[in-house]
Amino acid sequence: SCGFPFSAFLHCQAHARSRNYVSESDMCKLESVPVDFGDYHPLKPITVTESKTKKMSRKGSTSSTSSSSSSSMMDPLSSVLDGTDPLSLFAAAADPVITTATMDNTRKKRDKDDGPAVGSDFEPWSSKRGEILARYTTTEKLSINLYMGSEKGKGTSTGSAVSEKVRTRLEELDDLEEGSQKELLNLTQQDYMNRIEELNQSLKDAWSSDQKVKALKIVIQCSKLLSDTTVIQFYPSKFVLITDILDTFGKLVYERILSMCMDNRVSLSDNFSPESVNDTAKETCLNWFFKIASIRELIPRFYVEAAILKCNKFLSKMGISECLPRLTSMIRGIGDPLVAVYARAYLCRVGMEVAPQLKESLNKNFFDFLLTFKQIHGDTVQNQLIVQCVEIPLYLTLYSPAIDWILQCIAYRAPEVLLTEMMERCKKLGNNALLLNSVMSAFRAEFIAARSMDFIGMIKECDESGFPKHLLFRSLGLNLALADPPENDRLQILNEAWKVITKLKNPQDYINCAEVWVEYTCRHFKKREVNTVLADIIKHMTPDRAFEDAYPQLQSIIQKVITYIYDFSLLFSVEKFLPFLDMFQKENVRVEVCKCIMESFIKHQQESTKDPVILNALLHICKTMHDSVNALTLEDEKRMLAALINGFIKMVSFGRDFEQQLSFYVEARSMFCNLEPVLVQLIHSVNQLAMETRKVMKGNHSRKTAAFVRACVAFCFITIPSLSSIFTRLNLYLHSGQVALANQCLSQADAFFKAAVSLVPEVPKMISIDGKMRPSDAFLLEFLCNFFSTLLVVPDHPEQGVLFLVRGLLNVIQDYTWEDNSDDKVRIYTNVLHLLSAMTQETYIYHVDKVDSNDTLYGGDSKFLAEINKLCETVIAQILDHLKTLGKEETLKRQSQLALYLFNTILAHGDLRNNKLNQLSVNLWNLAQKHGFADTKTMVKTLEYIRRRSKQPEMSHFADLALRLPLQSRT
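Residues numbered from 1 in each chain as written. Predicted model: local features only at pLDDT ≥ 70, side-chain atom pairs only at ≥ 80, totals over all residues. Heavy atoms only, no water.

Colleague: Would you take a moment to explain the overall build of the protein for this structure?
Modeller: What the protein contains, in helices and strands, is 45 helices and 6 strands. In the protein, buried positions account for 48% of the 971 residues. Considering only contacts in the protein between residues 6 or more positions apart, those separated by 24 or more positions represent 73%. Here the protein displays about 49900 Å² of accessible surface, and carbon together with sulfur accounts for 52% of that area. (Helix = DSSP H or I, 4+ residues; strand = E, 2+ residues; numbered from the N terminus. Buried < 20%, exposed > 50% of the residue type's maximum accessible area, 1.4 Å probe, protein only. Contact = heavy atoms within 4.5 Å. Areas by Shrake-Rupley, 256 points an atom, 1.4 Å probe, with all protein chains shown as cover.)

Quick look at the structure:
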């Protein structure tokens, strides 16, 4: 069908050309040319000189105005575009208003970033929000008042629209005061939070639909909720939820007034002055403040005005600084101390956002709180706690978020004088524990650490009835984890703290404190002190299996210990470390701890180890990880565990004691048999051990080392069949066979190669790679090419036939079921021709040291060469048969590609002085081009190569060949 006389060449004898590999290698080397680099070095930073040009009025005329040198790399695309984006230019040309707005937004962002706001070292309120909501919860039922709206004022006549609108708004405000609300009772905490979120959305909806009075009503109603302390333990979370709505309202009002200040669609920058605000915006701003001033109740009036505090910027430069003291004084009218302290916290929060420089007002706010602090222990509060069945210690913890925040705002970048003054005021209040705890939470760690002994003295004098001392020591420990106390005080600090901690009866209280102080101990002391602390923790947490409720804290302790003690010989010499690990009885927690330890070992262990203490401990830890694997374990988890175990195996070395090393690998194989990547690593490690033995003996094995190497080979031969991945097995058989061959274990090498040959028929058509099914042909082709390269140097077995491994592999390839539309079988056969050609050479291109390959064994024997030629004939016949089957129209492109592939093989390896082989190559060339599927550039380059080779000695016959190879144009 294709006009190619295949039958004429089915019995074409293959004549491989003789190769001189040394001369060919020399000929292919690049010519060395002396180069004077001067100051040039490829890693030296590049200095680019950028010439800036200024466009003149005349089109196309430019003149250089300046030149600047930059040490950074210039972007070539930016330089071509002259720093402008063409799409932006089109947009600018189409709509100049959009461009102005875009530039204005950019300027606003820049102004905002450059403003006098607090720095990134200030922990924002948003980071505390989630913690408060999670900590302060309740199972009691809650109530909420919902605004019901008003139907008044509808259907008014057009003539009196303005006056009616004013009257209606006043009536609506009165409605709210008179109780146009619906009270929802018996809400769960989640229902309550959902209702608050609904109110927040209602606020946004009302605002977007221009119902500003309704929006104000919603905010007033929400603010009133902050005066309700009927479920007192939920109050901090309620504060968080309600102030979210207040923040939303404040932002909406500010942006509304700011939008009224736009002049020619350009808004004010963040640093604007009141003089640049137009009268309409000022009037609107005043209107909002007047509305808020008319709110009758103190708490909603305070909160709503605080929410829009920033709007004072539109009225006067001193507006905020005048309002803050007044709002601070307003809080004095709030009778409930818990409600009052959270109002102070909100004022500090708003103040830090809009005027962080006005610290005096914040300080006054806190000092006011100190003056009223005794109210906490008054009869009113005590009666309220009795009614709600709340104990004093629990009640005092409700104050912590507010006081912590107030003190954080005051302490931010504050001078030490102010912090010292705060300490003195705490002492005057009788070292109140709640206040002292907040001081230690809010002040800089360096300040606390430097005065650790002073704080310990204050803690000792505290009254423990309301706020437990162990919490104070915990707060002190948190500071000492961040900053170091004076060196002379360190041991005394630990002793004072641990005296209190070790007396704690409640295991949860104990472990919460011990977790913090373990880091201090590890950071500043040796293994003796660490061992003492761990022993004390075991003593407290073992009775009644208390450790089962403290796994997170125990995990944290392990993490801290291995962070500071990463010398594992020292770590495992800590007597109580392994007993401490025994407290992790829950399997998943135990595995996580083991992973943590192994990650630390792999990260910090710089040198290989043979320390028996380390090996036994880590083998036990790795065994724990391995034994956690079951049928439900995810593949990612298995990979992670295997990587950790492999990291450990790689770090074990017994030096020249190779037998001990092999014994370790044998033990590891028995322990980690369920993780395939670990078995693969062990096989590689044993192969490496055999090669190290060869290196030590310089290839000349003694009887003892020869036996040892055979033991290594046996280890691999036994282990490989247990692997599930077929390509892993194939590659390991090949690799292990190469190692056996290098160590002169010829019969063992043959066994590996035979096993690989017998495994090829089992290769499936599709294999799973990263969870996806892929065709296996490409992987098989790659493996077989590597296998052929090895078979070149494998000597024939004296009791087997000539090239018995090659023949066996060819039979397997012949019988393998290939895909119908695949040409891989022919590509493999073509690669076999490369191998057979190399086998006919007098001296092979490479050898294995101290192993005689077939070139030495047969010495170019004519019978051996005849066998190779017969194999070549058979292979070529198979290839030509396949080419014949590709004569159909839909397969002509594949036929063209394969014909050119075979042509190139004959060109590289065949002796083209043989007429039949020469004619076959010409016919293949013509077949490749016949139907117009050949790449013209490739054909031209191939012909140029042939002509170039014809000029070399002994290659003159290539000139005649070139004349017989026409180039056909596509039609």
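Colleague: Help me out: how do you make sense of the pattern of salt bridges in this one?
Modeller: Should their charged atoms come close, side chains of opposite charge can pair. Evaluation of the coordinates by the stated rule reveals 27 salt bridges. Close ionic contact of Glu416 with Arg444 constitutes a salt bridge, the shortest N to O distance being 4.0 Å. Residue Glu416 is found in helix H18 (residues 416-428), and its partner Arg444 is found in the loop between helix H19 (433-442) and helix H20 (445-450); the two are separated by 28 residues along the sequence. Asp911 is the salt-bridge partner of Arg913, the closest N and O atoms lying 3.1 Å from each other. By relative accessible area, Asp911 is classed as buried at 17%. A single salt-bridge network, built from bridges that share partners, covers Glu416, Arg444 and Arg451. (Salt bridge = Lys/Arg side-chain N within 4 Å of Asp/Glu carboxyl O.)

Colleague: Where do I start with the side chain of Asp336 in this structure?
Modeller: Assignment of secondary structure puts Asp336 in the loop between helix H12 (319-330) and helix H13 (337-354). One buried charged residue, Asp336, remains without a salt bridge, the closest side chain of opposite sign being Lys238 at 10 Å. Within the local environment of Asp336, its side chain forms a polar contact with the backbone nitrogen of Leu338, the two atoms lying 2.9 Å apart. (Lys, Arg positive; Asp, Glu negative; His and termini not counted. Polar contact = N/O pair within 3.5 Å; in protein donor to acceptor, adjacent residues only side chain to side chain.)

Colleague: Quick question: what am I supposed to make of the packing of aromatic side chains here?
Modeller: Working definition: an aromatic ring pair is given by the centre-to-centre distance plus the angle between the planes. Inspection of the entire model under this criterion finds 39 aromatic pairs. Summarising the aromatic geometry, the rings of Phe122 and Tyr412 are spaced 4.9 Å apart at their centres and angled 75° between planes, so their arrangement reads as edge-to-face. One end of the pair, Phe122, is in the loop between helix H4 (96-114) and helix H5 (126-135); the other, Tyr412, is in the loop between helix H17 (400-411) and H18, and 290 residues separate them in sequence. For the pair Phe122 and Tyr412, one class covers both residues: buried. Here Tyr192 and Phe234 contribute two aromatic rings whose centre-to-centre distance is 5.6 Å and whose plane-to-plane angle is 90°, an arrangement assigned as edge-to-face. You can see Tyr192 sitting in helix H7 (residues 189-208) and its partner Phe234 sitting in the loop between helix H8 (212-224) and helix H9 (235-260), a full 42 residues away along the chain. For the residue pair Tyr192 and Phe234, the accessibility class agrees, reading buried in each case. Among the aromatic side chains, those forming a connected cluster through ring pairs are Phe122, Trp125, Tyr235, Phe239, Phe302, Tyr303, Tyr342, Tyr346, Trp405 and Tyr412. One Lys or Arg, Lys212, reaches over the ring of Trp207 and ends 4.8 Å from the middle of that ring. A cation over an aromatic ring shows up here: Lys765 above the ring of Tyr816, its NZ or CZ 4.5 Å from the ring centre. (Phe/Tyr/Trp six-rings, centres within 6.5 Å; stacked < 30°, edge-to-face > 60°. Lys NZ or Arg CZ within 6 Å of the ring centre and 35° of its normal.)

Colleague: Is there a simple way to think about the pairing of strand E6 (residues 772-775) in this case?
Modeller: Working note: regular strand, side chains alternate between the two faces of the sheet. Both strand E5 (residues 766-769) and E6 contribute to a ladder of 4 bridges, which runs antiparallel. From the neighbouring strand, Met766 faces E6, where its bridge partner is Pro775. Taken together, E5 and the strand that follows it, E6, pair antiparallel across an intervening segment of 2 residues, in which Asp770 is found at a positive phi of about 55°. (Pairing = 2+ DSSP bridges.)

Colleague: Is there a simple way to explain the nonpolar core in this structure?
Modeller: Generally speaking, a soluble globular protein has its nonpolar side chains buried in company with each other. Tyr395, Trp517 and Ile537 are the most contacted members of the largest nonpolar core, which has 312 residues in total. With 14 residues, H9 is the largest single contributor of residues to this core. Setting aside residues up to four positions removed in sequence, Trp517 forms contacts with Phe473, Arg474, Leu476, Gly477, Leu480, Ile493, Leu494, Ala497, Trp498 and Ile501. (Core = buried A, V, L, I, M, F, W, Y, C linked by side-chain atoms within 4.5 Å.)

Colleague: How should I be thinking about unusual backbone geometry in this particular structure?
Modeller: A positive phi angle, near 60°, is found at Asp544, a position not held by glycine. Mapped onto the fold, Asp544 is located in the loop between helix H25 (527-541) and helix H26 (551-564). Judged by its relative accessible area of 79%, Asp544 is exposed. Although it is not a glycine, Leu803 adopts a positive phi angle of roughly 55°. Considering the arrangement of structural elements, one finds Leu803 in the loop between helix H37 (777-791) and helix H38 (804-815). The class of Leu803 is buried, set by a relative accessible area of 1%.

Colleague: Honestly, the environment of Val253 in this entry has me stumped. Any pointers?
Modeller: Within the element layout of this structure, Val253 appears in helix H9. Once the C-alpha coordinates of Val253 and Ile308 are considered, the two residues, 55 residues apart in sequence, prove to be 7.0 Å apart. When residues no more than four places from it in sequence are discounted, the contact partners of Val253 are Trp207, Trp288, Ile308 and Cys311.

Colleague: What's the story with the layout of surface pockets in this structure? I'm lost.
Modeller: Over the atoms, a rolling probe the size of a water molecule traces out where space has been left empty. Taken as a whole, the second largest pocket spans an internal volume of roughly 1100 Å³. No other element matches H17, which puts 6 residues into the lining of the second largest pocket. Here the lining of the second largest pocket is composed, by residue class, of 16 nonpolar, 8 polar and 9 charged. (1 Å grid on protein atoms, 1.4 Å probe; cavity = no way out; pocket = protein on both sides within 12 Å on 5 of 7 lines; lining within 4 Å. Points joined across faces, edges and corners; volume = space filled by probe spheres on them. Nonpolar A, V, L, I, M, F, W, Y, C, P; charged D, E, K, R; others polar.)

Colleague: Explanation requested: helix H15 (residues 379-388) in the structure shown.
Modeller: For H15, the full list of buried residues reads Val381, Gln384, Leu385 and Gln388. In an axial view of H15, the angular spread of the buried residues amounts to 100°, which keeps them on one side of the axis. Exposed and oriented more than 90 degrees from the buried face of H15 are Asp379, Ile386 and Val387. Contacts made by the buried residues of H15 are with H13 and helix H16 (392-397). (Arc of directions from axis to C-beta.)

Colleague: Teacher, can you tell me more about empty space enclosed by the protein here?
Modeller: Under the criterion given, the structure shown has 4 cavities of 30 Å³ or more. Lining the second largest cavity, in full, are Leu791, Val794, Pro795, Asp796, Leu803, Phe804, Leu805, Val806 and Met839.

Colleague: Help me understand the environment of Leu258 in this model?
Modeller: Mapped onto the elements, Leu258 comes out in helix H9. Classification of Leu258 as buried rests on a relative accessible area of 12%. Counting along the chain gives 11 residues from Leu258 to Ser269, while the straight-line C-alpha distance between them is 9.7 Å.

Colleague: What exactly am I supposed to notice about the packing of helix H22 (residues 469-480) against helix H23 (residues 490-501) here?
Modeller: A pair of packed helices can be characterised by two numbers: the angle between their axes and the separation between those axes. At a closest axis distance of 10 Å, the pairing of H22 and H23 adopts a crossing angle of 145°. Once H22 is placed against H23, the crossing between them reads as left-handed. Here His470, Phe473 and Leu480 of H22 come into contact with H23, specifically with Ile493, Glu496, Ala497 and Val500. Classifying every residue of the contact of H22 with H23 by side-chain character gives 5 nonpolar, 1 polar and 1 charged. (Axes fitted to C-alpha atoms, helices over the stretch in contact; angles between N-to-C directions. Left-handed = near helix turned anticlockwise from the far one by under 90°.)

Colleague: I'm lost on the packing of helix H30 (residues 612-627) against helix H31 (residues 635-650) in this one. Help?
Modeller: Running from amino to carboxyl end, H30 crosses H31 at an angle of 165°, the nearest separation of the two axes being 10 Å. Relative to H31, the element H30 lies roughly antiparallel. For the element pair H30 and H31, the recorded crossing hand is left-handed. Along its contact with H30, which presents Leu615, Leu618, Leu619, Cys622, Met625 and His626, the element H31 presents Leu641, Leu644, Ile645 and Phe648. Residues that form the contact of H30 with H31 fall into these classes: 9 nonpolar, 1 polar and no charged. (Parallel < 35°, antiparallel > 145°, perpendicular 65-115°, else oblique.)

Colleague: Whenever I open this one, the confidence of the model for the protein confuses me. Can you help?
Modeller: A low pLDDT means the predicted coordinates there should not be read in detail. For the protein, per-residue confidence averages 83 on the pLDDT scale, and 84% of positions sit at 70 or higher. A low-confidence stretch, residues 150-162 (pLDDT under 50), is modelled with 7 contacts involving residues beyond four sequence positions or located in other chains. (pLDDT = per-residue confidence, 0-100.)

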